[in-house]
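Residues per chain, in single letters:
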2 protein chains.
Amino acid sequence: MSDKMNVDALFLGPKSENQVFFKEMMDYAISEHMHWRSDFHPEDAPLMTPVTQHQPDFRDTLYRTEGILQDLSARLKTKSVPWFSPRYLGHMNADTLMVSNLAYVMTMLYNPNNCAHEASPVTTELELAAGHDLCRMFGYDVNKSWAHITSGGTVANYEGVWVARNLKTMPLAIAACEKSKDLVEGMTEHQLLNMKSKEILDLTDELKKRGIFEEVRALTARGVGVDAGKLGKFLVPRSKHYSWMKAMDVLGLGQEHIVPLDVDGNYRTDVEKMREVTFKLMEEGTPILGMVSVVGTTEEGSIDAVHEVIKLRQECEEKYGASFYVHVDAAYGGYVRSMFLDDDNQFMEYDALIERYRNDDVIPEGVVWPKRAVYDAFAAMSEADSITVDPHKVGFIQYAAGAVAMKDKRIVDLISYHAAYVFEEAGDDNEEDKQVVLGSSIMEGSKAGATAAAVWAAHRLVPLNISGYGHVIGRGIVTADWFAKKLATAEPFVVDGRRFEVRPLMHPDFHMVDFTFKEIGNDSLEAHNKLNQRIYELCSYATGRTYTKDFLTSSTSLSEEEYGQTPRLYAESRGFSDNEWNTVGSVYILRSAVMTHFLRDEIRFNNYWNNLRDVFTSLLSEIIDEENKQKLAHTAA
Amino acid sequence: MSDKMNVDALFLGPKSENQVFFKEMMDYAISEHMHWRSDFHPEDAPLMTPVTQHQPDFRDTLYRTEGILQDLSARLKTKSVPWFSPRYLGHMNADTLMVSNLAYVMTMLYNPNNCAHEASPVTTELELAAGHDLCRMFGYDVNKSWAHITSGGTVANYEGVWVARNLKTMPLAIAACEKSKDLVEGMTEHQLLNMKSKEILDLTDELKKRGIFEEVRALTARGVGVDAGKLGKFLVPRSKHYSWMKAMDVLGLGQEHIVPLDVDGNYRTDVEKMREVTFKLMEEGTPILGMVSVVGTTEEGSIDAVHEVIKLRQECEEKYGASFYVHVDAAYGGYVRSMFLDDDNQFMEYDALIERYRNDDVIPEGVVWPKRAVYDAFAAMSEADSITVDPHKVGFIQYAAGAVAMKDKRIVDLISYHAAYVFEEAGDDNEEDKQVVLGSSIMEGSKAGATAAAVWAAHRLVPLNISGYGHVIGRGIVTADWFAKKLATAEPFVVDGRRFEVRPLMHPDFHMVDFTFKEIGNDSLEAHNKLNQRIYELCSYATGRTYTKDFLTSSTSLSEEEYGQTPRLYAESRGFSDNEWNTVGSVYILRSAVMTHFLRDEIRFNNYWNNLRDVFTSLLSEIIDEENKQKLAHTAA
């Protein structure tokens, strides 16, 4: 038996190369369930006999079912996006793991609901196991932490804010209750609003001992509602995903209490400015409700300096006696932490890591990854209070599977609920299970147990360390590096005597490559943006069938409004004047997450690149033709 | 061709009777996708060749995949709950529609994400279409309303509270902005906090005309956060699902602002008391943030008098000039509205409805359904501001598929967001689609497009009216009626000379049948509860493999704390003294949602009942044996 995992054997493949295996397993998944049905009380009569099954209304109902599936297939084939192909480099989408697809289908037929243990005796356990895997990947103590599956990163982020908010109001509640106020005697409101997470949770242990936990909890935001102005500021990078704006709205905290943190030239949170803003709030005496660090910004794939946030918090605790909650939004980049873990799931020393990369051919000579700051950021994630991660992004699992992990599972009691019919003592003798029955401990209610099975199965087949996901994710990282370098050094594309230069926005922290085309000699930023927008349109569903496209990508617009001065730097580097920037104020970019496992082979990649050059050339040619026609029409009119 | 839909042909069946068709279609679903892959740019080289596919590490990776699926199958078979069988009468679970299972699998392979139209060009449209279906079923004007899919009823309820909350603060925001305050000139704060939903939305139209909508919106709770005490009370029936407690916490409103409404003898909201409470708040000048009506309580399947809530609101508007938001939580019962719609989706007159039931043999002579109050409640749903409904309950669709419908789609602007990369102008010429791109208009972010396909496909095959879901749901309603009658009149079970009488909690409004066993002569309520709890344990996963059980059910406990005096009435009717009730304060019941389509045949049902009598007898016998053994052990010790 070979110990080495073969990455190509994990996916159906861009040409359905593994179709024989996939079909066989799908058949297995379905047959197993069918036998389970027919073997359940074999003495029971069947509902229908072949005779009734051949009555006209019966057959017609089946035929109508078939017709609807044909209709659906036609629709899917006409307009779906071929994520599975290396020709697609856009959103964080690629082929998904066969084992997760198969596990989903198999489990879906049993239809468990992970809201209640009673409705999902199997898959609740699988969700807890998958959660353990994630906690371990993040460097959390698996006995003290917990993680669970959500529908996606947005809900995971909500849950982070939810616990942070209720935790923040707990010391005030303790002070407000006659039976507990001695625990915080002599503390000012300012001190109460600035306690460390761990200190607050230790106090809740004391409340539980006194038998007054629920009484005091009813005095937190949960019971009395939010007093938005009082709880302080929520610091989020400007690169923020819009889910943070939604979170502040939903949780009743108000968007005006977000303090946006500027980004640096790499679209990471600017550490110096973050420190300035934080110290200013500290000096003012304004509490900080929480701070968000983004590990993999949605638009640039940048990795915030989590270690600097942790360090800053410690400084604040020492200097001002004021702490704050830290949430890491690693919806995109969370699984990348597996790149740093050895086979015992220990975070590797930098030098040992690089050596391992070379030995295992994960990252070849010539590719510099990770940058030191990225390494330090991933190392520090274990210090965050909670982390969002999306298995449906870099976990290569189909939608919808998000997750949230919490460093100290006692925090769940700040938000937990019980309902007579949903919640009962789990029948097992597993103590863990008894503590964390799902529906009453999370934001959502009903949820597909099949999702838990899909994530669990992925983690069983592909370990969350260098030998598993490390190999899968490494392929994209290396390819992204090559791609960014090609873009950085590419000769201009010459079409119709006009010359177009492509350049990346920056060298990626991870595997998102942003880039734009600029016509040499044309110094209008508006024209630049229009050109790139048109390229995007021609490379997406926006202009006809994606199935006929030679290359597919995504795009976004980086504006001064959202990013401050950082996009200006890129505009400058491309030769646009200050005046141009001041007039237009945004740069339209093409955006390629390099998730594909296909191109991690130099010969293949070079062929791909050469082909892509041809594609770009013909796209530019098409755009010039369009322009010429428009000009002609304009002249004629 | 037969126009009649055959209900048995919709499901795989309790013995996998439709397995040939199901397998064929599953094969079709998968093959179609595989061809789509291999036909995409046929000129591209495959990633792997049979030679590489037969290398040891490749084969081993496949074998490991197979091993994980075998492990998963073993786990699922050991502990899953056989929802599909008529022997399961517990939670709202039964077999699910083949077409929805198949549509899910087919679509999952394309892996669309309905967060962004770009990531789901097909399934975003299917979700909008499925939403239209739901709006039409609820009697909403499909041009003015909208509905979308959520992960479940919990999130749908959150979204109802979210829009209600932000809407409630909009008039205050209008008054607070210099540019708009003329619109509410002369109005007191009390009046601002008590406006009709429609009036507020009309004002937002004016804000949009003035180009200041976003500016004013930033002054609502969304922007400035919640001031919990100010927004008034939220009225929820005592029968409330715990998601309402979670909702008040999550949305920052605080649970202490819930006013629980007492239930009547049928576990519906007590109309007289609801009116008293409401008028008292009106007299006090306390605003009502919203009122919830439950269509299908989770524990009893009771249908609140929605029409009385609508009438009450109108009275308040006329008498006090004060309105409030009305949300219907029809997570359980929403699809039942299809029972009332003719083939043109029009709500039928009562007499015509009953005649149609008889003609189509939906509800036979001798079964009285619906009660008039239930009919009126369903009729009035079209007047509610928003409605929660779970396709994964009485829509017979697999988990997780909830939904929320809003009567006036302008309300979405109170919560909508845009993110550069998620949100772009939809490419279609469909005006509807442009208005409602999903990720920015709902609470959740990423979501499986496959779920939308599953709901859409169900609605195509099974119309949301009397000819479609009416036939499917009608089967459960009739069976529930029969079951409740059998329980109400059953002769005592005689075991070992001891006699046990079974009785239903009440005759169901819908298809949830609650019941308990009582030993005749034993007047201890505690012993009664213990007996029924033990029956539940023996009929569930709590005592070993569900696969070996003869009957499976669910249970709950109805306490004075949660339900006020109503459960006492049942205890009294079973002969327990006031003293017993005052000591114990709760009654433990068995709870059977009769969803199965299997038993709607009198001969078959009578056989089933006779068999069930035997099962109950042997369960009681087993419990007596356990008791005797315990006594013996006790005596011996």
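Reading the values: the criteria
Residues numbered from 1 in each chain as written. Chains lettered and ligands numbered in written order. Predicted model: local features only at pLDDT ≥ 70, side-chain atom pairs only at ≥ 80, totals over all residues. Heavy atoms only, no water. UniProt positions renumbered as here; feature names shortened; annotations may be inferred. Helix = DSSP H or I, 4+ residues; strand = E, 2+ residues; numbered from the N terminus. Pairing = 2+ DSSP bridges. Axes fitted to C-alpha atoms, helices over the stretch in contact; angles between N-to-C directions. Domains from an automatic or database assignment. Contact = heavy atoms within 4.5 Å. Buried area = accessible area lost by both parts, 1.4 Å probe. Salt bridge = Lys/Arg side-chain N within 4 Å of Asp/Glu carboxyl O. Polar contact = N/O pair within 3.5 Å; in protein donor to acceptor, adjacent residues only side chain to side chain. Nonpolar A, V, L, I, M, F, W, Y, C, P; charged D, E, K, R; others polar. Phe/Tyr/Trp six-rings, centres within 6.5 Å; stacked < 30°, edge-to-face > 60°. Buried < 20%, exposed > 50% of the residue type's maximum accessible area, 1.4 Å probe, protein only. Lys NZ or Arg CZ within 6 Å of the ring centre and 35° of its normal.

An unreviewed UniProt entry lists chain A under the name L-2,4-diaminobutyrate decarboxylase, with Photobacterium andalusiense as the source organism. Within the UniProt record for chain A, the comment given under Cofactor (unreviewed entry) is "pyridoxal 5'-phosphate".

### Here we look at the UniProt feature "domain: L-tyrosine decarboxylase C-terminal" (unreviewed entry) in chain A
Taking the numbering used here, the UniProt-annotated feature "domain: L-tyrosine decarboxylase C-terminal" (unreviewed entry) corresponds to residues 489-617 of chain A. Across residues 489-617 of chain A, helical content stands at 39% and strand content at 26%; the span's end C-alpha atoms are separated by 16 Å.

### What about the sheet that holds strand S4 (residues 258-261) of chain B?
All names here are of chain B. Taking strand neighbours across the sheet as the criterion, the seven strands line up as S2-S8-S7-S6-S5-S3-S4 in an open arrangement whose pairing is mixed. Each edge of the open sheet carries a strand with a single partner, namely strand S2 (146-150) and S4. Within this sheet the neighbouring strands show an average axis-to-axis angle of 20°, counted without direction.

### Focus on the domain arrangement of chain A
All names here are of chain A. With domains assigned, chain A is organised as domain 1 (153-389) and domain 2 (473-636). Its C-alpha centre places domain 1 at a distance of 35 Å from the equivalent point of domain 2. Listed per partner, the contact involves 30 residues of domain 1 and 28 residues of domain 2. Both faces combined, the contact of domain 1 with domain 2 buries some 2,400 Å², and carbon together with sulfur accounts for 55% of it. Taken as a group, Tyr267, Glu299 and Tyr332 account for 28% of the area that domain 1 buries against domain 2, more than any other trio of residues on that side. For arginine 268, the salt bridge identified is with aspartate 509, shortest N-O distance 2.8 Å. There are 15 residue pairs in polar contact (both at pLDDT 80 or more) connecting domain 1 and domain 2. Class assignment for the residues of the side of domain 1 that touches domain 2 results in 14 nonpolar, nine polar and seven charged.

### Describing the packing of aromatic side chains
Residues and elements named next belong to chain A. In this structure the tally under the stated criterion is 59 aromatic pairs over all chains. Pairing phenylalanine 517 with phenylalanine 616 gives two aromatic rings, centres 4.9 Å apart and planes at 70°, and the pair type is edge-to-face. Of this pair, phenylalanine 517 sits in strand S11 (residues 512-519) while phenylalanine 616 sits in helix H23 (residues 602-636); the two residues are 99 residues apart in sequence, bridging distant segments of the chain. In this structure, phenylalanine 517 and phenylalanine 616 share a single accessibility class: buried. Its end group placed over the ring of phenylalanine 576, lysine 518 keeps NZ or CZ at 5.1 Å from the ring centre.

### Re the sheet that holds strand S7 (residues 386-389) of chain A
All names here are of chain A. Strands sit in the order S2-S8-S7-S6-S5-S3-S4 across an open sheet of seven strands; the sheet is mixed. The sheet terminates laterally at strand S2 (146-150) and strand S4 (258-261), the two strands that pair on one side only. Averaged over neighbouring strand pairs, the angle between their axes works out to 20° when direction is ignored. Bridge analysis of S2 against strand S8 (residues 402-406) gives five bridges, and the strand direction is antiparallel. In the sheet register, isoleucine 149 faces S8, and the bridge partner there is alanine 403.

### Describing the environment of Glu383(A)
All names here are of chain A. Mapped onto the elements of the fold, glutamate 383 is located in the loop between helix H15 (372-380) and S7. Remark: the alpha-carbon pair of glutamate 383 and methionine 595, spanning 212 residues in sequence, is separated by 28 Å. Excluding residues within four positions of it along the chain, glutamate 383 makes contact with Ile310, Arg313 and Lys407.

### Here's the deal with the interface of chain B and chain A
Each side of the interface is counted separately: chain B has 174 residues, and chain A has 174 residues. Buried surface at the junction of chain B and chain A, summed over both partners, amounts to about 15,300 Å²; 61% is from carbon and sulfur atoms. In this assembly, chain B and chain A are joined by 16 salt bridges. Between Lys79(A) and Glu125(B) there is a salt bridge; the shortest N-O distance is 2.7 Å. At the boundary of chain B and chain A, one finds 91 residue pairs in polar contact (both at pLDDT 80 or more). Looking at the side of chain B that touches chain A residue by residue, the classes come out as 80 nonpolar, 52 polar and 42 charged.

### A short note on the pattern of salt bridges
Per the counting criterion, the structure on display carries 97 salt bridges over all chains. Note that Asp133(B) is salt-bridged to Arg460(B), the shortest N-O span being 3.0 Å. Taken together, the residues Asp133(B) in helix H5 (residues 123-137) and Arg460(B) in helix H17 (residues 449-461) connect sequence positions 327 residues apart. Accessibility expressed as a relative area gives 7% for Asp133(B), which makes it buried. We note a salt bridge from Asp361(B) to Arg600(B), for which the minimum N-O separation is 3.4 Å. Of this pair, Asp361(B) sits in the loop between helix H14 (350-359) and helix H15 (372-380) while Arg600(B) sits in the loop between strand S13 (586-593) and helix H23 (602-636), and the two are 239 residues apart along the sequence. Assessed through its relative accessible area of 17%, Arg600(B) is described here as buried. Here the salt bridges share partners, and the residues they tie into one network are Lys198(A), Asp202(A), Asp205(A), Asp408(A) and Arg410(A).

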